[in-house]
Amino acid sequence: MSYPNVRLRRLRQSSKIRELLEEVRLSPKDLICPIFVQEDLKSKLEGNSMPGFERLPPKDVVDEVNSIANLKIPAIMVFGIPSHKDDGGTSAFAQDGVVQKAISEIRKNLGNEIAIMSDVCLCQYTSSGHCGLVKGDKIDNDSSLDVLAKTAVSQARAGADVVSPSAMMDGQVKAIRTALDDSGFTDVAIMSHSAKHRSSLYSPFKDMAHSAPQFGDRKTYQLPYTNPKEAMREVETDIAEGVDIVMIKPALAYLDLIAMTRRRFNVPISAYSVSGEYALVKAAAMQGWIDEKEVTLELLTAIKRAGADMIVTYFSKIAAKALGEK
Ligand code: PBG
Ligand code: ZN
């Protein structure tokens, strides 16, 4: 052997030395916890395909967010499920809409104890279940931008710190930035779902959020998972439009794209570990086939190792508790 003194195991002999040598550290501070608020719900309701993750009635939101903040998780991402859907997605931007009310209640009761991020999309609000407005048999880009911009402004007005467009309409960051600035919300940041792929890992979410498309699919707006160069163009375009944080979505099957974004762009990167990723782990854990906590920490650390600065995950509370026990 040409390097007789090299013994990599030397630094693995004591748990304290191992701790010291950790190159990537997962912390509750890396996590963004999604919450689903359903307007007409009277009590918490577990998702069919997301065991352990519940939709909240409006009255329970503040308590739940408080318990998230107590776990030292710095941010939530609010999704709404409105009672009323229509062609124009009008409940998305109503100032007394389910998300807007939830945001202002959280702000009023918890102040700046937690950062409030909110999803900006139309699919829960349109009768079609599409992320943009339908014209004929198509999803119309530019008329959707107006509604997305109005939605973002209404959420900013309610008290959101960060708005997070997930509709994958071209120009959504620019439209939202312009509208926010025109309304005086120059300090409200945009975390865009920049490289959001058309993924079959979203099914549990669509069931939870009642947002499945009523015809067709999302292939005319979401990215194909075969096209990494196109994904980088989406990221590049969002940066040019003034995005504050880009997102790669889903996370686990797209670690290469997180790493590629990290190498190419000097911008904060979030990764969205989606509902299907949660369901895969949960299902195996519920069978007793894997250790839920350990697998969760391993997978979230891998997302960070790939280059993500923050992770939107349904495992936020489970991971933050597990990290607290370490
Ligand atoms: C819709 C939206 C989806 C998700 C977040 N926002 C579903 C979709 O695009 O069909 C999926 C998130 C998840 O699966 O956790 N704008
Ligand atoms: Zn959508």
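All of the points below concern the structure found in this document. (Residues numbered from 1 in each chain as written. Chains lettered and ligands numbered in written order. Predicted model: local features only at pLDDT ≥ 70, side-chain atom pairs only at ≥ 80, totals over all residues. Heavy atoms only, no water.)

Details of the overall build of the protein chain
As a reminder of what qualifies: For helices the rule is a DSSP run of H or I covering at least 4 residues; for strands it is a run of E covering at least 2, with both sets numbered from the N terminus onward. A simple rule labels every residue: compare its accessible area, found with a 1.4 Å probe on the protein chains alone, to the largest value its type can have, and call it buried under 20%, exposed over 50%, or partly exposed in between. The contact criterion used is simple: two residues touch if any of their non-hydrogen atoms lie within 4.5 Å. Method for areas: the Shrake-Rupley scheme with a 1.4 Å probe, in which residue coverage is limited to the protein chains shown. Just so you know, the count uses Lys and Arg for positive and Asp and Glu for negative, and it drops His and the chain ends. Charge positions are represented by NZ for Lys, CZ for Arg, CG for Asp and CD for Glu.
Counting secondary structure elements, the protein chain contains eleven helices and twelve strands. Taking the principal axes of the C-alpha coordinates as reference, the protein chain spans close to 70 × 45 × 40 Å. Scored against the burial criterion, the 326 residues of the protein chain give a buried share of 54%. If you take every contact in the protein chain between residues at least 6 apart in sequence, the share linking residues at least 24 apart comes to 75%. Entry remark: accessible area of the protein chain is about 15,400 Å², with carbon and sulfur atoms responsible for 50%. Distance from the positive charge centre (41 side chains) to the negative charge centre (42 side chains) of the protein chain: 7 Å.

Section: the nonpolar core
Considering soluble globular proteins, one finds that nonpolar side chains tend to be buried as a cluster. Rule in force here: Nonpolar core, defined: a set of buried Ala, Val, Leu, Ile, Met, Phe, Trp, Tyr and Cys residues in which side-chain atoms within 4.5 Å join the residues together.
Residues Ile35, Ile76, Ile106, Val163 and Leu180 are the most contacted members of the largest nonpolar core, which totals 79 residues. With eight residues, helix α4 (residues 141-158) is the largest single contributor of residues to this core. The contacts of Val163, once residues within four sequence positions are left out, are Ser118, Val120, Ala152, Gln155, Ile176, Leu180, Val188, Ala189, Ile190 and Met191. Residues Ile32, Val162, Met247 and Phe315 belong to the second largest nonpolar core, which totals 26 residues.

Comments concerning the packing of α4 against helix α5 (residues 172-182)
Put simply, the rule is: Convention adopted: a line fitted to C-alpha atoms gives each axis, helices being fitted over their contacting stretch, and angles between N-to-C directions are expressed from 0 to 180 degrees. Here is the rule for angles: anything less than 35 degrees is roughly parallel, anything more than 145 is roughly antiparallel, 65 through 115 is roughly perpendicular, and the remaining ranges are oblique. In this scheme the crossing of two helices becomes right-handed for a clockwise turn of the near helix relative to the far one and left-handed for an anticlockwise turn of less than a right angle. Classes in brief: Ala, Val, Leu, Ile, Met, Phe, Trp, Tyr, Cys and Pro nonpolar; Asp, Glu, Lys and Arg charged; the others, Gly included, polar.
In the contact formed by α4 and α5, the axes pass within 9 Å of each other and the chain directions differ by 45°. By the angle between their axes, α4 is oblique relative to α5. Taken as a pair, α4 and α5 cross one another with a handedness that is right-handed. Only Gln172, Ala175, Ile176, Ala179 and Leu180 of α5 make contact with α4, whose side of the interface consists of Leu145, Leu148, Ala149, Ala152, Val153 and Ala156. Its residues placed into classes, the contact of α4 with α5 shows ten nonpolar, one polar and no charged.

Here we look at helix α2 (residues 61-70)
For clarity, the threshold we go by: As used here, the arc is the angular range of directions from the helix axis to the C-beta atoms.
Buried within α2 are the following residues: Val61, Val62, Glu64, Val65, Ile68 and Ala69. Looking straight down α2, one finds its buried side chains confined to an arc of 165°; they lie on one side. Opposite its buried face, α2 presents the exposed residues Asp63 and Asn70, each directed more than 90 degrees away. In this structure, the buried side of α2 is in contact with β1 (31-38), β3 (50-56), β4 (75-81), α3 (98-110) and α11 (316-325). With its phi angle positive at about 70°, Lys72 sits one or two positions after the end of α2.

Points about the state of the cysteines
What counts, and what does not: Two cysteine sulfurs form a disulfide in these notes if their separation is within 2.5 Å.
Summed over all chains, the structure comprises zero disulfides. Cys123 provides the cysteine sulfur closest to Cys33, a residue in no disulfide bond, and the two sulfurs are 19 Å apart. For Cys33, a relative accessible area of 2% translates into the label buried.

Points about the pattern of salt bridges
Put simply, the test is: In what follows, salt bridge is the name for a side-chain nitrogen of Lys or Arg lying within 4 Å of a carboxyl oxygen of Asp or Glu.
As enumerated under the stated definition, the model contains 13 salt bridges in all. Salt-bridge contacts for Glu19 lead to Lys16; the nearest nitrogen and oxygen are separated by 3.5 Å. One end of the pair, Glu19, and the other, Lys16, are both in helix α1 (residues 15-21), three residues apart, so they sit about a helical turn from each other. Glu22 is the partner of Arg25 in a salt bridge, and the nearest nitrogen-oxygen pair spans 3.2 Å. Judged by relative accessible area, which is 45%, Arg25 ranks as partly exposed. The class of Glu22 is partly exposed, set by a relative accessible area of 41%. Among the charged side chains, a network of salt bridges with common partners joins Arg177, Asp181 and Asp244.

Thoughts on the site of ligand 1
Heads up, the condition is: We call a residue near a given molecule or strand whenever any one of its heavy atoms falls within 4 Å of it. Polar contacts here mean pairs of N or O atoms no more than 3.5 Å apart (in protein, one a potential hydrogen donor and the other a potential acceptor; neighbouring residues in sequence count only if both atoms are side-chain atoms). Cavity: a set of points on a 1 Å grid over the protein atoms alone where a 1.4 Å probe fits but cannot get out. Pocket: an open set with protein on both sides within 12 Å along at least five of seven lines, its lining residues, like those of a cavity, having an atom within 4 Å of a point. More than half of a molecule's atoms lying within 2 Å of a cavity's or pocket's grid points is what places that molecule inside it.
Lining the immediate environment of ligand 1, one finds 16 residues, of which Arg218, Gln222, Lys249, Ser275 and Tyr314 sit closest. Within the contact set of ligand 1, a nitrogen atom lies 3.5 Å away from a side-chain nitrogen or oxygen of Lys249. If ligand 1 stood free it would expose 400 Å²; the protein chains cover 100% of that surface. Most atoms of ligand 1, that is more than half of them, are within 2 Å of grid points of the largest cavity. Of the residues in the shell around ligand 1, the class split is nine nonpolar, three polar and four charged.

Quick look at the coordination of the zinc ion (ligand 2)
For clarity, the threshold we go by: Coordination here is defined by N, O and S atoms within 2.8 Å of the metal (3.2 Å for Na, K and Ca), and since water is not considered, a site can look incomplete. Only four donors with every angle between 85 and 135 degrees are called tetrahedral; only four or six donors with opposite donors over 155 degrees apart and all others between 65 and 115 are called square planar or octahedral, in that order; all others are irregular.
Surrounding the zinc ion (ligand 2) are the protein donor atoms Cys121 (SG), Cys123 (SG) and Cys131 (SG), which sit 2.2 to 2.3 Å from the metal. Classification of the site at the zinc ion (ligand 2) as tetrahedral follows from its four donor atoms and the range of 96 to 122° in their angles at the metal. All donors of the zinc ion (ligand 2) belong to a single chain; written as a sequence motif, their spacing is C-x1-C-x7-C. Across this residue pair, the class does not change: Cys123 and Cys131 are buried.

Points about the pairing of β4
To be explicit about the condition: Pairing between strands is defined by DSSP: at least two bridges between the two strands are required. By convention, a crossover is right-handed whenever its connection, traced from the first strand over the helix to the second and viewed with the strands pointing away, goes clockwise.
Burial analysis of β4 places seven of its seven residues in the buried class, which makes it a mostly covered element. Pairing of β1 with β4, which is carried by seven bridges, proceeds in the parallel orientation. Within β4, the position partnered with Phe36 by the bridge is Phe79. Sheet topology places β4 next to strand β5 (residues 115-120); four bridges connect them, and they run parallel. By the bridge assignment, Ile76 is partnered in β5 with Ile116. Read as a crossover between parallel neighbours, the route from β4 over α3 to β5 is right-handed.

On their own, these measurements won't tell you what the molecule is for.
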